[in-house]
Amino acid sequence: MRLGRIILFVAFCSFTAYYVYEPIPERIEERWKLMLTNSFFRTLSHLADLCESAGLKDYMDVMYVITLLEKIVPVSDEHVKVTEEKFDGVEVVLYQPKLQGGDAHLRRAVIYLHGGGWCLGSSRMSPYDLLARKIVTELDAVVLSVEYRLAPAHHFPVPYEDVHRVVKYFLQKGVLAQYSVDPGRVAVSGDSAGGNLAAAVSQQLQKESGQQIKLRAQALLYPVLQALDLKTPSYQQNKDMPILPRTLMVRFWSEYFTSNKALFRAMMANSHNSPESSRLLKFVNWSAFLPEAYHKEYNYSAPAVAQGTEGEAAGMDGPSQSFADPRASPLLVPDADLHSLPKAYILTCEYDVLRDDGIMYATRLRAAGVEVTHQHYDTGFHGALMFTVWPTDFLIARRMTDNYVKWLKDNL
C-alpha cells in the first residue's frame, strides 16, 4: 500500500514536470518561473478550447479569468489621488499627484492604454495600477488609464473609437487646465494591443486639421501593428513561446474583427488577404524593413492572396473585414503620413511573435525623419513588463519599467 502511494506520487510529480517543462531558450532569465507561469496560461487556454468545443462558453469568456484574477479597485493613497470618471462616455481611471500646499504648477500627462489582445485586460488590473502610480510619483505626472470596450462583444473599430474619443476629449484646453496638465507635454502609451491603439490614435490625430493640441510623444511597448503578414520571422521563430504563442495572437486578431471562425482559420494559414489588402503588403515586407540580423534562416515569401473581398476570402458572407484599415494596422500607413508623427519609444522583445512589427515600425519612422528610441531586449518575452506582482514578478519586468519611465522623464 505504501509502495503504491509512492508510485502514484512519483508518477504525479513526473507528469507535472512533463507538463510544466517547455523548451524555453537558455538566454531567458528565470526560465522555470516563466514555465510555471505559462503552465497556468496553457491550462486555461486548453480549458477555454474545451468549453468552446462543447458549446458551454466562448473561448475569450474563459480566458477573461486572467483579467478577473488581477482586477482591483483603484484607491487613493498618501501620494496619489485616484478617481474613476467618464470622458465622452468612456470609462477612465485618473491618477493625479496629491497637491502639496499651494502647489498648482502644470504637469506632464500620460494617456495609457492597456494590453490584452483587444479582448482581455483592464485599466483596473493590479500591474497597470502599479505602473500608473510609479509614473505619477516619479514624473509628477497625471496618468489617464482608459477602460475601452473589448471584443468580441465590441468588434473593431469600437475599441479604437473609444480611445480616440477619450484622447480628443482630454486634449481640450479646458480639460487639460482642469487637471493642471501642460498642453505641450502629453504622451500616449500602451502595451501590446494598447500599443496598437496608441500608434493608431497618434497617426489619426496628426491628420486631423482641427486638432489644435498635439501629442508630444508616443511610447509603444511590444506593440502589435499589422495583420497582413502573420508569418514574419518573429511569428515563425516564436510560434510556441510562452504567454503569446502564434495561435493566440491570431485568435486575438480574428476576434477583434469577427466571431466567425472562418477568419481565424484563414489567418492561421496566412491566406486571408484579398486583392485589395494585398496592395498594402509592401508596407510590411520584412525583407525590406527588418535588419538583416533578424532575418535568420527565414526567407521572405509574400502571403497568399485569395480572390474576392476580404470577407469572401475568409469564407464569410458578412461585410468585408478591416485588417487593412490603418486604424487596426498602423504599420500600413504610407510614408507621407509618418513624418509629422511625435517622437517615439518602441520596446521590442526577442522572444515575441510581435518583435518584427515593432522593429519594422521603428525602421519606417526613422526613415521618415521621426525621432525614435528603439529598446530591444535580447532576453525579453511578450508581456514581460506587466509581470511585476508576486508570485509572477520577473527581474526583467523591473528593468523594462525603469527604462520606460526614464525615457518618459527625459522626453516628455
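Everything numeric here is computed off the predicted structure, so don't read it as measured data.

Colleague: Would you mind going over unusual backbone geometry with me for this structure?
Modeller: Note on backbone geometry: most residues besides glycine have negative phi, and most peptide bonds are trans. Look at the link from Phe156 to Pro157: it is a cis peptide, with omega at 10 degrees. Position of Pro157 relative to the elements: it lies in the loop between β4 (142-146) and α6 (158-170). A cis amide bond links Trp390 to the next residue, Pro391, at an omega of 10 degrees. Topologically, Pro391 is positioned in the loop between β8 (372-381) and α16 (395-411). At Asp140, a position not held by glycine, the phi torsion is positive, near 50 degrees. Counting through the fold element by element, Asp140 comes out in the loop between α5 (126-139) and β4.

Colleague: Could you clarify how one ought to interpret the packing of aromatic side chains in this entry?
Modeller: Aromatic rings in a pair are described by how distant their centres are and how their planes are angled relative to each other. By the definition in use, this model includes 20 aromatic pairs. Here the aromatic rings of Phe87 and Tyr179 are separated by 6.1 Å at their centres, their planes lie at 40 degrees, and the arrangement is tilted. Placement of Phe87 in strand β1 (residues 80-87) and of Tyr179 in the loop between α7 (173-178) and β5 (181-191) is noted, with a sequence separation of 92 residues between them. Residue classification places Phe87 among the buried positions, given a relative accessible area of 1%. A ring pair is formed by Trp253 and Tyr256, whose centres lie 6.4 Å apart and whose planes are at 45 degrees; its orientation type is tilted.

Colleague: Is there a simple way to think about the pattern of salt bridges in this case?
Modeller: When the charged atoms of two side chains lie near each other, side chains of opposite charge can form a pair. For the structure on display, the rule yields 28 salt bridges. In this structure, a network of salt bridges that share partners links the residues Asp49, Glu52, Arg251, Glu255 and Lys261.

Colleague: Hey, could you run me through a nonpolar patch on the surface in this one?
Modeller: On the surface, a cluster of nonpolar side chains totalling about 260 Å² of accessible area is made up of Phe40, Val65 and Leu69. Looking at where Phe40 falls in the secondary structure, it is placed in helix α2 (residues 31-53). On the basis of relative accessible area, Phe40 is assigned to the partly exposed category, the value being 37%.

Colleague: Is there a simple way to think about the nonpolar core in this case?
Modeller: For soluble globular proteins, the rule of thumb is that nonpolar side chains tend to be buried together. Counting 137 residues, the largest nonpolar core has Ile135, Phe170, Met249, Trp253, Tyr256, Tyr361 and Tyr404 as its most contacted members. Apart from the residues within four sequence positions on either side, Met249 is in contact with Trp118, Val224, Tyr235, Leu244, Val353 and Leu354.

Colleague: Please explain helix α11 (residues 261-268) as it appears in this structure.
Modeller: Residues spaced three or four apart along an α-helix point in a common direction, a consequence of the helix completing one turn every 3.6 residues. Regarding α11, the residues found buried are Ala262, Leu263, Phe264, Ala266 and Met267. Those residues of α11 that are buried are in contact with α10 (246-257). Where α11 begins, the side chain of Asn260 points an oxygen toward the backbone nitrogen of Ala262, at a separation of 2.9 Å.

Scoring rules and cut-offs
Residues numbered from 1 in each chain as written. Predicted model: local features only at pLDDT ≥ 70, side-chain atom pairs only at ≥ 80, totals over all residues. Heavy atoms only, no water. Helix = DSSP H or I, 4+ residues; strand = E, 2+ residues; numbered from the N terminus. Phe/Tyr/Trp six-rings, centres within 6.5 Å; stacked < 30°, edge-to-face > 60°. Buried < 20%, exposed > 50% of the residue type's maximum accessible area, 1.4 Å probe, protein only. Salt bridge = Lys/Arg side-chain N within 4 Å of Asp/Glu carboxyl O. Patch = residues over 30% accessible without salt bridge, like charges linked within 9 Å, V, L, I, M, F, W, Y side chains within 5 Å. Areas by Shrake-Rupley, 256 points an atom, 1.4 Å probe, with all protein chains shown as cover. Core = buried A, V, L, I, M, F, W, Y, C linked by side-chain atoms within 4.5 Å. Contact = heavy atoms within 4.5 Å. Polar contact = N/O pair within 3.5 Å; in protein donor to acceptor, adjacent residues only side chain to side chain.

These figures capture arrangement, not role.
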